[in-house]
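Given next are the chains, with one letter for each unit.
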Amino acid sequence: MADEQDDQQVDEVDEEVEDFDDDEDDDDFDLSGVAPAGGFYQAPEGFRSGFASFVGRPNAGKSTLTNALVGQKIVITSSKPQTTRNVVRGIVHRDDAQLILVDTPGLHRPRTLLGERLNDLVRTTWAEVDVVAVCFPANEKIGPGDRFLVTELSKVRRTTRIAVATKTDLVTPEQLGQHLLDIQALGEETSTEWAEIVPVSAVSGDQVQLLADLLVGLMPEGPPLYPDGDLTDAPEEALAADLIREAALEGVRDELPHSIAVVVEEMGLREGRPDDKPLLDIVANLYVERDSQKGIMIGHKGSRLRAVGTQARKQIEALLGTPVYLDLQVKIAKDWQRDPRQLRKLGF
């Protein structure tokens, strides 16, 4: 293995179908392990800290908004639905508050066991956070999916709800005004009281700071929950896996994104390297469900897999600040979205 390289290595891929052992527990969203970071920072009087969850239909702009508020990319984004598959906490540090943003998968009508588990993850999160912010993309009309989501949310007691009109840069002022009226009408129709209705654009930054101020105002008083400087509590392996999957999602056929899963098998600094020239070795498997999908991901003579690896490596290096050697392989886990054993092994 060369010490440094510009292009992604593509190893020869095994033709086997993965059969996973059912020996790992699922990780549920749980706030019980979050301890105040009082030893790291002395909070001033009136300091606020708490959790806000962005929810919405798939591709409603939740992840882009999370990244905009945190000020750095910690959550992958894509035009493909169901890009987010895990609960990711982004941390916003302010002099007067610490705001923990919980990005969740899009609530949808599930067609697979994976979809059911993602929905369960969303509903569990609703009951654990201080504020739920429902995202309604301004360039799309309020529809049955929005009504289904808000109706489900109305079953959760005690959690404060706000409505966020996202992607306002894509509509005219007149269209935005009608959209805000439609959001208000949906609240009345579902007996949902919005504490706030806020239009924002994560792309242009319009009213993003206002949204942060409103969310902070709804948080309880308390000490910071994470050390100053932490931007997320997601493990680096999980962040790397998501960035690889994001690169793999670009340009694939409509039916393929749901079938892609990534597992980082090994990750660590290479031994024997000088301190001023570190190299992070990552060994990852990209799983698909059928042999035909495997051919699509690899591409002609490995061209597509090389492009995915190069893009992912650059994103991981930008996030972690360390040069990366990425060993990426494609494997088949047949019908993993419907198989409880394989879902567990893949982290769902």
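Please refer to the structure placed before this passage.
The structure reproduced in this document is the subject of the present report. Each residue is numbered by its place in its chain's sequence as written, counting from 1. Local features are withheld for residues below a pLDDT of 70 in this predicted model, meaning they are given only at 70 or higher, and side-chain atom pairs are given and counted only at 80 or more; totals for whole chains, interfaces and linings count all residues. The basis for every side-chain value is the complete set of heavy atoms in the structure, and neither hydrogens nor water enter the calculation.

### Digging into helix α6 (residues 236-249)
At step 1: Taking 1.5 Å as the rise per residue, α6 with 14 residues should run 20 Å; its terminal C-alpha atoms sit 20 Å apart, in good agreement.
At step 2: Exposure categories follow from relative accessible area, calculated using a 1.4 Å probe and restricted to protein chains: below 20% of the type maximum is buried, above 50% is exposed, and the middle band is partly exposed. Numbering of helices and strands runs from the N terminus, with a helix taken as a DSSP run of H or I at least four residues long and a strand as a DSSP run of E at least two residues long. For α6, the tally of buried residues reaches 11 of 14 residues, placing the bulk of the element in the interior.
At step 3: Looking at the buried residues of α6, the elements they touch are β8 (261-269), β9 (280-288), α7 (291-298), α8 (303-320) and β10 (324-332). Multiplying one less than the number of residues by 1.5 Å gives the expected span of a helix. Contacts between residues were defined by any pair of non-hydrogen atoms, one from each residue, lying within 4.5 Å.

### Points about the nonpolar core
Most often, soluble globular proteins keep nonpolar side chains buried together rather than apart.
At step 1: Definition of nonpolar core: a set of buried residues of the types Ala, Val, Leu, Ile, Met, Phe, Trp, Tyr and Cys, connected through side-chain atoms within 4.5 Å. Core analysis: the biggest nonpolar cluster contains 26 residues, and Ile244, Ile282, Leu286, Met297 and Leu328 have the highest contact counts within it.
At step 2: Sorting the residues of this core by element identifies α6, β8, β9, α7, α8 and β10 as the ones contributing at least two each.
At step 3: If you tally residues by element for this core, the top one is α6, at seven residues.

### Focus: helix α4 (residues 173-189)
At step 1: For α4, which comprises 17 residues, the first-to-last C-alpha distance of 24 Å matches the rise-based estimate of 24 Å (1.5 Å per residue) to within 8%.
At step 2: The set of residues buried in α4 consists of Leu176, His179, Ile183, Leu186 and Gly187. Looking straight down α4, one finds that the buried residues subtend no more than 100° of arc, so they occupy a single side. Residues Glu174, Leu181, Glu188 and Glu189 are exposed on α4 and point more than 90 degrees away from its buried face.
At step 3: Each element contacted by the buried residues of α4 is listed here: β5 (131-137), α3 (144-153), β6 (160-166) and β7 (197-199).
At step 4: In the segment just after α4, serine 191 is the residue with positive phi, at about 60°. Arc definition: it is the arc formed by the directions from the helix axis to the C-beta atoms.

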